Amino acid sequence: LVRMIRQKENRDIRLAKGILNLLCALSVIGFLFVICGGLNYYRYPFSYYSGLEIMDSSVEELYTLTESLALQADELRAQTTGTDENGVFKLTESMHDLADQAGKAMKALAEDYPVLGGYYASPKPVLSSAAMSSAEITGMFFPFTMEANINVDVPDYSIPATMLHEMAHLRGFMREDEANYIAYIAGMASDDPEIRYSAAMLALITAGNALYDKNQELYFEIRELYSEGVLKDIRANSAYWIRYDNTTISTLSNKVNDTYLKANAQVDGVQSYGRMLDLLLAKFRQDNANDTTQ
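Not measured: the values here are computed from a predicted model.

Asks: Would you mind showing me how to read the overall build of the protein chain here?
Replies: In terms of helices and strands, the protein chain carries 13 helices and three strands. Put simply, the protein chain has 294 residues, and 44% of those count as buried. Sequence-distant contacts in the protein chain: of pairs separated by 6 or more residues, those separated by 24 or more amount to 70%. Surface summary for the protein chain: the accessible area is close to 15,900 Å², and the carbon and sulfur share equals 55%.

The following block contains the structure:
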């Protein structure tokens, strides 16, 4: 650009070469993205490896699932010990130790699902996490370096599940709904009560939101089951995110993310984050069927 401005001769040639170089650079970046991660948007879904049967579900099934998750979250919340001055859940482990525990959870899950086996790089806390929050981003998988980057400014209860979600991307499961589901079952495979609680809350909020959309009366019946600790954590989470709702930055970020997901075969866009519900319901049915058989 400097040469084009200062030297008038051969300006057209320099412009053409500059455009060509830019296109070459973009082509290399696009190729690396496809090789490092993009192809995995078109792989077999996780239901193929898990043997889960995805089907339409009734509101009654959704209610029963949400009830089970609420009781699970209550029990796991009682097993945690860290809270702040307002009684809101607070992690007691360092980010390094938590990342180590998350890696162990993924490896434990790989015993049942070998497709999840392999090396896991430690998730990295992002220094500019507050900026990520302003864009309503809790985590980001960077395929060029195979890194899971975590927003650590968010309410503590959601951080472990976010780690597991991004680590699912490391194993090539790029679809958001599947990564959320893997985060839940990996959390349940962990011995760490804080990770287990975080995973249970991810599933409970997903199921609870869906039940609220279907039948508010049934949702509020389940809501009565939430322990005081669970309610405090949910309220603190809502108070945190409302600051960033519908801002210019968050709106633009969601639009970009929505376009990115749709360009990579996730036709629901950002709504695909909630489709883990199909997998949760399928797992719930499978577990109940096994219990009945036994």
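That was the structure; now back to the text.
Asks: Whenever I open this one, the packing of aromatic side chains confuses me. Can you help?
Replies: To describe a pair of aromatic rings, one takes the distance between the centres and the angle between the planes. With the rule as written, the count across this model stands at 14 aromatic pairs. Through a chain of ring-to-ring contacts, the aromatic side chains of Tyr-44, Phe-46, Tyr-48, Tyr-49, Tyr-113, Phe-173 and Tyr-181 assemble into a single cluster. Here the basic side chain of Arg-43 rests over the ring of Phe-173, its NZ or CZ set 4.1 Å away from the ring centre. Its end group placed over the ring of Tyr-120, Arg-171 keeps NZ or CZ at 4.9 Å from the ring centre.

Asks: What is the right way to read the environment of Tyr-41 from this model?
Replies: Take Tyr-41: it is sitting in the loop between α2 (11-36) and α3 (46-50). Tyr-41 sits in the buried class, given a relative accessible area of 2%. Distance in space between the C-alpha atoms of Tyr-41 and Phe-173 is 7.4 Å, their sequence separation being 132 residues.

Asks: Quick question: what am I supposed to make of the sheet that holds strand β3 (residues 147-150) here?
Replies: Hydrogen bonding along the main chain pairs the strands of a sheet, whether they run parallel or antiparallel. What the three strands build is an open sheet, ordered β1-β3-β2; its pairing is mixed. Edge positions in the open sheet fall to β1 (124-125) and β2 (139-142), since each of these has one partner strand only. In the packing of helix α7 (residues 159-170) onto the sheet, the strands contacted are β2 and β3, and the crossing angle to β3 comes to about 160 degrees.

Asks: I tried to follow the packing of helix α8 (residues 176-188) against helix α9 (residues 193-214) on my own but got confused; where do I start?
Replies: The description of two helices packed together rests on the angle between their axes and the distance between the axes. Closest axis-to-axis distance for the α8/α9 pair is 8 Å, and the angle between their directions is 145 degrees. Classified by chirality, the crossing of α9 by α8 is left-handed. Here Asn-180, Ala-183, Tyr-184, Gly-187 and Met-188 of α8 come into contact with α9, specifically with Ile-195, Arg-196, Ala-199, Ala-200, Leu-202 and Ala-203.

Asks: Help me out: how do you make sense of the nonpolar core in this one?
Replies: A general feature of soluble globular proteins is that nonpolar side chains tend to end up buried together. Membership of the largest hydrophobic core comes to 70 residues, with the highest contact counts inside it found for Leu-116, Tyr-184 and Tyr-226. Examining the composition of this core, we find that ten residues originate from one element, α9, more than from any other. Other than its neighbours up to four places away in sequence, Leu-116 contacts Phe-46, Leu-109, Ala-110, Arg-171, Phe-173 and Ile-182.

Asks: Honestly, the environment of Val-88 in this entry has me stumped. Any pointers?
Replies: If you trace the backbone, Val-88 turns up in the loop between α4 (59-79) and α5 (95-109). A sequence separation of 148 residues divides Val-88 from Ala-236, and the C-alpha atoms of the two residues are 7.2 Å apart. Not counting residues within four places of it along the chain, the set of residues in contact with Val-88 comprises Arg-77, Gly-82, Thr-83, Lys-232, Asp-233 and Ala-236.

Asks: I'm lost on the pairing of β3 in this one. Help?
Replies: Residues in a regular strand project their side chains so that they alternate between the two faces of the sheet. Here two bridges tie β1 to β3, and the two strands are oriented parallel to one another. Across the sheet, residue Lys-124 finds its bridge partner in β3, namely Asn-149. Bridge count for β2 against β3 is four bridges, and the pairing is antiparallel. Counterpart to Gly-139 in the pairing with β3 is Ile-150. Here β2 hands over to β3 after four residues, with Met-146 in that stretch at a positive phi of 55 degrees.

Asks: Which parts of the structure should I look at to understand the pattern of salt bridges?
Replies: A side chain with one charge can pair with a side chain of the opposite charge if their charged atoms come near. Considering all chains together, one arrives at seven salt bridges under this definition. For Arg-285, the salt bridge goes to Glu-61, with nearest N and O atoms at 3.6 Å. Residue Arg-285 is located in helix α13 (residues 276-293), and its partner Glu-61 is located in helix α4; the two are separated by 224 residues in the primary sequence.

Asks: Even after reading the chapter, I still don't get the packing of α9 against helix α11 (residues 228-241), so can you show me in this structure?
Replies: With their axes 12 Å apart at the nearest point, α9 and α11 run at an angle of 70 degrees to one another. Regarding the angle of α9 to α11, the classification is roughly perpendicular. Contact residues: α9 offers Tyr-197, Met-201 and Leu-204, while α11 offers Gly-229, Val-230, Asp-233 and Ile-234. Its residues placed into classes, the contact of α9 with α11 shows five nonpolar, one polar and one charged.

Asks: Just checking my understanding: could you explain unusual backbone geometry for this structure?
Replies: If you check the backbone angles, Glu-136 has positive phi at about 55 degrees while not being a glycine. For Met-146, which is not glycine, the phi torsion reads 55 degrees and is therefore positive. You can see Met-146 is positioned in the loop between β2 and β3.

Asks: Just checking my understanding: could you explain the environment of Gly-229 for this structure?
Replies: The topology assignment puts Gly-229 in helix α11. On a C-alpha basis, the gap between Gly-229 and Gly-87 in space is 7.1 Å, while along the polypeptide they are 142 residues apart. Among all residues touching Gly-229, those that are not within four sequence positions of it are Arg-77 and Tyr-197.

Procedures and definitions
Counting restarts for each chain: residues are numbered from 1 in the order of the written sequence. For this predicted model, a pLDDT threshold of at least 70 governs which residues receive local features, and a threshold of 80 or more governs which side-chain atom pairs are given and counted, while totals over whole chains, interfaces and linings are taken from all residues. With hydrogens and water excluded, all non-hydrogen atoms of the structure serve as input to the side-chain values. The secondary structure listing takes helices from DSSP runs of H or I that are at least 4 residues long and strands from runs of E that are at least 2 residues long, numbered from the N terminus. Exposure is judged per residue with a 1.4 Å probe applied to protein chains only, and the accessible area is read against the type maximum: over 50% gives exposed, under 20% gives buried, and values in between give partly exposed. The contact criterion used is simple: two residues touch if any of their non-hydrogen atoms lie within 4.5 Å. Accessible surface is estimated by sampling points in the Shrake-Rupley manner with a 1.4 Å probe; for residues, cover comes only from the protein chains shown. Stacked, tilted and edge-to-face are the three classes applied to pairs of Phe, Tyr and Trp rings, where Trp contributes its six-membered ring and a pair requires centres within 6.5 Å; stacked means planes under 30 degrees apart, edge-to-face means over 60, and tilted covers the rest. The rule is short: NZ of Lys or CZ of Arg within 6 Å of the ring centre and within 35 degrees of the ring normal puts a charge over the ring. Criterion used throughout: strands pair if DSSP finds at least two bridges between them. Helix axes are fitted only over the stretch in contact, all axes being lines through C-alpha atoms; the angle between N-to-C directions runs from 0 to 180 degrees. Take the far helix as your reference; a near helix turned counterclockwise from it by less than a right angle gives a left-handed crossing, and one turned clockwise gives a right-handed crossing. To define a nonpolar core, start from buried Ala, Val, Leu, Ile, Met, Phe, Trp, Tyr and Cys residues and group those joined through side-chain atoms within 4.5 Å. By salt bridge we mean one thing: a side-chain nitrogen of Lys or Arg within 4 Å of a carboxyl oxygen of Asp or Glu. Oblique is the label for any angle not covered by the other classes, which are roughly parallel (under 35 degrees), roughly antiparallel (over 145) and roughly perpendicular (65 to 115). Under the scheme applied here, ten amino acids are nonpolar (Ala, Val, Leu, Ile, Met, Phe, Trp, Tyr, Cys and Pro), four are charged (Asp, Glu, Lys and Arg), and all others, including Gly, are polar.

Remember that the coordinates give geometry; whether it matters functionally is a separate question.
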